[in-house]
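Now for the letters of each chain:
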Amino acid sequence: MLLVGNLGSGEIAPPVPQGAAAGYCAALDRALPASVLGRARHDPSPASPYTAAWGGSARTVLRCGIARPDYLDADPLASAPEVNGVQWGMSQDGAGGYRFVTTLRKAYVEVSVPKGAYPNYADPLPTLSDVIRATVPAGL
């Protein structure tokens with residue numbers, strides 16, 4: 001549901017969460033804010049309750065219900081900031097931006113933040129963490 005990245009206006013393939021994760025992701029979609037740090041929500045195409053985006057050409061994109069990323073296998077909590085009660089694994093996106101994925105939640109939520117989208121690459125995490133904490137239960 002959450003994918004943040006410098007994805008322009010191109011299409012974003014929505015994830016296909018299974019079981020209870022689909023319900024958590026749909027609840028998250030309904031609770032997501034209309035704006036993040038002054039950037040309006042403009043959802044990607046095709047429309048899906050599992051993806052959301054904010055901003056223009058440097059879009060913050062959220063995808064919910066993604067498969068567990070391999071980079072979490074290395075040492076997932078070594079560089080995983082906790083923001084408002086939500087633990088995030090992180091990796092660089094290869095273009096100067098970052099990808100954040102929730103850990104220890106019943107659905108994996110990815111937020112991609114492109115280079116230059118915010119003064120600090122982690123700026124959107126507090127707002128999104130609050131909504132994730134309220135809609136996607138902790139646990140694996």
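Let me begin by describing the structure that accompanies this report.

### What about the overall build of the protein?
Helix and strand counts for the protein stand at two helices and eight strands. Counting helices and strands in the order they occur from the N terminus, the protein gives α-β-β-β-β-β-β-β-β-α. Looking at the protein residue by residue over its 140 residues, the buried ones come to 48%. Long-range pairs, those at least 24 residues apart, make up 61% of the contacts in the protein between residues at least 6 apart in sequence. About 6400 Å² of surface is accessible on the protein, with carbon and sulfur atoms providing 52% of the total.

### Some thoughts on the pairing of strand 3 (residues 51-54)
Taking every second residue as pointing to the same face, both faces of strand 3 are buried, with Thr51 and Ala53 on one and Ala52 and Trp54 on the other. Both strand 3 and strand 4 (residues 60-64) contribute to a ladder of four bridges, which runs antiparallel. Bridged to Thr51 within strand 4 is Arg63. What sits between the antiparallel neighbours strand 3 and strand 4 is a turn of five residues, in which Gly55 has the positive phi angle 100°.

### Describing the packing of helix 1 (residues 20-31) against helix 2 (residues 125-135)
At their nearest, the axes of helix 1 and helix 2 sit 9 Å apart, and the two run at 135° to each other. Classified by the angle their axes make, helix 1 and helix 2 are oblique. For the pair helix 1 and helix 2, the sense of crossing is right-handed. Taken together, the residues of helix 2 that come into contact with helix 1 (itself represented by Tyr24, Ala27, Leu28 and Ala31) are Val131, Ile132 and Thr135. When the residues that make up the contact of helix 1 with helix 2 are grouped by side-chain class, the tally is six nonpolar, one polar and no charged.

### Focus: helix 1
Here helix 1 spans 17 Å end to end across twelve residues, near enough to the 16 Å set by a 1.5 Å rise per residue. Three or more residues of helix 1 are buried, namely Ala21, Ala22, Cys25, Ala26, Leu28 and Asp29. Viewed end-on, helix 1 has its buried residues packed into an arc of 160°, placing them on one side of the element.

### Remarks on the pattern of salt bridges
Counted by the stated rule, this structure contains four salt bridges. The partner of Arg41 in a salt bridge is Asp29, with the nearest N and O atoms 2.6 Å apart. Of the two residues, Arg41 is situated in the loop between strand 2 (39-40) and strand 3 and Asp29 in helix 1; the sequence distance between them amounts to twelve residues. For the salt bridge of Asp43 with Arg41, the shortest nitrogen-to-oxygen distance reads 2.7 Å. Accessibility expressed as a relative area gives 41% for Asp43, which makes it partly exposed. Using a relative accessible area of 22% as the deciding quantity, one classes Arg41 as partly exposed.

### Points about the packing of aromatic side chains
Overall, the coordinates contain four aromatic pairs when judged by the stated rule. Ring geometry for Phe100 and Tyr121: centres 6.1 Å apart, planes at 10°, overall stacked. Within this pair, whereas Phe100 is found in strand 7 (residues 98-102), its partner Tyr121 is found in the loop between strand 8 (109-113) and helix 2, the two being separated by 21 residues in sequence. Classification of Phe100 as buried rests on a relative accessible area of 1%. Taken together, the aromatic side chains of Trp88, Tyr98, Phe100 and Tyr121 make up a single cluster linked through ring pairs.

The rules behind these values
Residues numbered from 1 in each chain as written. Predicted model: local features only at pLDDT ≥ 70, side-chain atom pairs only at ≥ 80, totals over all residues. Heavy atoms only, no water. Helix = DSSP H or I, 4+ residues; strand = E, 2+ residues; numbered from the N terminus. Buried < 20%, exposed > 50% of the residue type's maximum accessible area, 1.4 Å probe, protein only. Contact = heavy atoms within 4.5 Å. Areas by Shrake-Rupley, 256 points an atom, 1.4 Å probe, with all protein chains shown as cover. Pairing = 2+ DSSP bridges. Axes fitted to C-alpha atoms, helices over the stretch in contact; angles between N-to-C directions. Parallel < 35°, antiparallel > 145°, perpendicular 65-115°, else oblique. Left-handed = near helix turned anticlockwise from the far one by under 90°. Nonpolar A, V, L, I, M, F, W, Y, C, P; charged D, E, K, R; others polar. Expected span 1.5 Å × (residues − 1). Arc of directions from axis to C-beta. Salt bridge = Lys/Arg side-chain N within 4 Å of Asp/Glu carboxyl O. Phe/Tyr/Trp six-rings, centres within 6.5 Å; stacked < 30°, edge-to-face > 60°.

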